[in-house]
Amino acid sequence: MVNSQSFSQFIRRKRIGLYTLRNPRGMQVQITNYGAKIVSLLAPDADGKMADVVLGFSTLEEWMQKETYFNAVIGRYANRIKDGRFTLDGKTYNLATNNGTNHLHGGNVGFNEKIWEVVGQTAYSVSFRYRSVDGEEGYPGTLDTYVTYRLTRDNALSITYEAKTDKTTVLGFTNHAYFNLKGEGNGDVRDHILQVNADQYTPFDDTACPTGEILPVENTPMDFRQPTLIADRIDLPFFLTGRGIDNNWVLRKTSDKKEKEPELAARVSAAGRTMEVWTTLPGLQVYTGNWVEPNQGKSGKTYGPQTAICLEAQNFPDSPNIPAFPSAVLQPGEVYFEQCIYKFV
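Note that the coordinates shown come from a computational prediction; the quantities given were computed from them, not determined experimentally.

Moving on to the environment of T68. One can find T68 in the loop between α1 (60-65) and β7 (73-74). When the C-alpha atoms of T68 and L194 are compared, they prove to be 25 Å apart, with 126 residues separating the residues in sequence. In contact with T68, other than residues within four places in its own chain, are K37, W63, N112 and E113.

Given below as structure tokens:
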């Protein structure tokens, strides 16, 4: 558990705080309104033993200076937009190219570095709001975004995203939580067992942006439809470009209901803990922390490459430029609503 006093301060005349949610079974999550980030997440193993299963730091200063995407809400657009541009209603919008030639995770100063307003809090939930003005990071429209974290009695952390715009825009949020089910700082995740509920994936080019194709996972290293030890796949040439797994899966959707309902996207297990990912979103980016820099974490242990796994429910990368992908467009008068649930079973 992180000391809340290390987060209680003002930045740019806005108050930063640390908000703790607990359920009756002992699970606990701490969240800060700086980047709407998960600071700690205590989850039980099969014997009820608790461990903090997300990477992170002890002080706000460290969160601001090191690994700025750790456990944050990513926006306006998670993942990559090719060449930092897209066309909407006949107009081309230019964005920052902060990942080689591409735009990544919202640009130079994304939602992960914004100070969110706290707009609701109970013993089990906290809600944040951020207003992104027209033209921020190159995106059109003033966007009001609400994120709610809710800890349930059955050991699930639910994250809901809602947004409205005053001008046609593109958006796509995710949470970039870095999990290690053995406990943060306890080695790498090569011994984790991963299953992804997807029959297809989106291949990428030499800049890590999608080619626009949707291909079957069958007979490829992307086939995680059965529980698979990460160590058996992560060093294959297929994943060499990303230094490990860093790929988007097309999630299998079975519901024929008009209203979106979360469906099982993935399951990961290690050290007697199993976490399921449920979501309404169409894609899942699995990233094995291949670029994590050596830093001392909140328990004094050193992090490094592949010491975490991210399971980022999101829109497909570069959807604004690929009409065949699920639309990332939000119109005035519409309400964007998506959900991701991390459930410990």
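Counting buried residues in strand β22 (residues 246-251) gives six out of six residues, a clear majority hidden from the surface. Of the two faces of β22, both are covered, the one formed by D246, N248 and V250 as well as the one formed by N247, W249 and L251. Inspection of the sheet shows strand β19 (residues 198-201) paired to β22 by three bridges, in the antiparallel sense. Note that in β22 the partner of Y201 across the bridge is W249. Pairing analysis gives five bridges linking β22 to strand β25 (residues 283-287), with the strands arranged antiparallel. By the bridge assignment for β25, D246 is matched with Y287.

Our focus in this paragraph is the pairing of strand β28 (residues 310-314). On a regular strand, one side chain projects to one face of the sheet and the next to the other, so that they alternate. In terms of burial, β28 is largely enclosed, as five of its five residues are buried. Residues C310, E312 and Q314 line one face of β28 and the alternating positions L311 and A313 line the opposite face, and both faces are buried. Across five bridges, β25 lies against β28 in antiparallel orientation. Of the residues in β28, the one forming a bridge with Y287 is C310.

Let us look at the sheet that holds β22. Within a sheet, adjacent strands bond to each other through the backbone by hydrogen bonds, running parallel or antiparallel. The strand order β20-β19-β22-β25-β28 describes an open sheet built from five strands, whose pairing is antiparallel. On the outer flanks of this sheet lie β20 (215-216) and β28, each paired with one strand and no other.

This part is about the pattern of salt bridges. Counted under the stated rule, the structure contains 16 salt bridges. Here K66 ties to E62 by a salt bridge, and the two come within 3.3 Å at their closest N and O atoms. Taking the relative accessible area as the measure of exposure, K66 reaches 22% and is therefore partly exposed. Close ionic contact of K182 with D191 constitutes a salt bridge, the shortest N to O distance being 3.1 Å. Salt bridges linked by common partners bring E117, R129, R131 and D144 together as one network.

As for its position among the elements, T165 is in strand β15 (residues 156-165). Among the polar contacts listed, one links the side chain of T165 to the backbone oxygen of K167, at a separation of 2.6 Å. Non-local contacts of T165, meaning those with residues more than four positions away in its chain, are made with G141, T142, L143, L330, Q331, P332 and G333.

Core analysis: the biggest nonpolar cluster contains 61 residues, and Y149, F179 and L311 have the highest contact counts within it. Non-local contacts of F179, meaning those with residues more than four positions away in its chain, are made with L41, V53, V54, V189, M275, T307, A308, I309, L311 and Y342. Ranked by size, the runner-up nonpolar core spans 19 residues in total, among them V2, F7, Y34 and A308.

Before going further, it helps to spend a moment on the sheet that holds strand β14 (residues 143-151). Ordered in space as β12-β13-β14-β15-β30-β24-β23-β18-β21, the nine strands form an open sheet in which the pairing is antiparallel. Looking along the sheet, the strands with just one partner apiece sit at the ends: β12 (117-121) and β21 (228-229). The pairing of strand β18 (residues 193-196) with strand β23 (residues 263-270) spans four bridges and is classified as antiparallel. Bridged to V196 within β23 is A266.

Another aspect to go through is unusual backbone geometry. Along the chain, G75 connects to R76 via a cis peptide bond; the corresponding omega equals 0°. Mapped onto the elements, R76 comes out in the loop between β7 and β8 (80-81). Look at N219: it is not a glycine, yet its phi comes out positive at around 65°. Even without a glycine there, the phi angle at R243 is positive, about 65°. Of note, R243 is situated in the loop between β21 and β22.

Below, the discussion takes up the state of the cysteines. Overall, the coordinates contain zero disulfides when judged by the stated rule. Free cysteine C209: the closest other cysteine sulfur is in C310, separated by 18 Å. According to the relative accessible area criterion, C209 is buried, its value standing at 0%. Free cysteine C310: the closest other cysteine sulfur is in C340, separated by 12 Å. Looking at C310, the relative accessible area reads 0%, which means it is buried.

The rules we used
- Residues numbered from 1 in each chain as written.
- Predicted model: local features only at pLDDT ≥ 70, side-chain atom pairs only at ≥ 80, totals over all residues.
- Heavy atoms only, no water.
- Helix = DSSP H or I, 4+ residues; strand = E, 2+ residues; numbered from the N terminus.
- Contact = heavy atoms within 4.5 Å.
- Buried < 20%, exposed > 50% of the residue type's maximum accessible area, 1.4 Å probe, protein only.
- Pairing = 2+ DSSP bridges.
- Salt bridge = Lys/Arg side-chain N within 4 Å of Asp/Glu carboxyl O.
- Polar contact = N/O pair within 3.5 Å; in protein donor to acceptor, adjacent residues only side chain to side chain.
- Core = buried A, V, L, I, M, F, W, Y, C linked by side-chain atoms within 4.5 Å.
- Disulfide = S-S within 2.5 Å.

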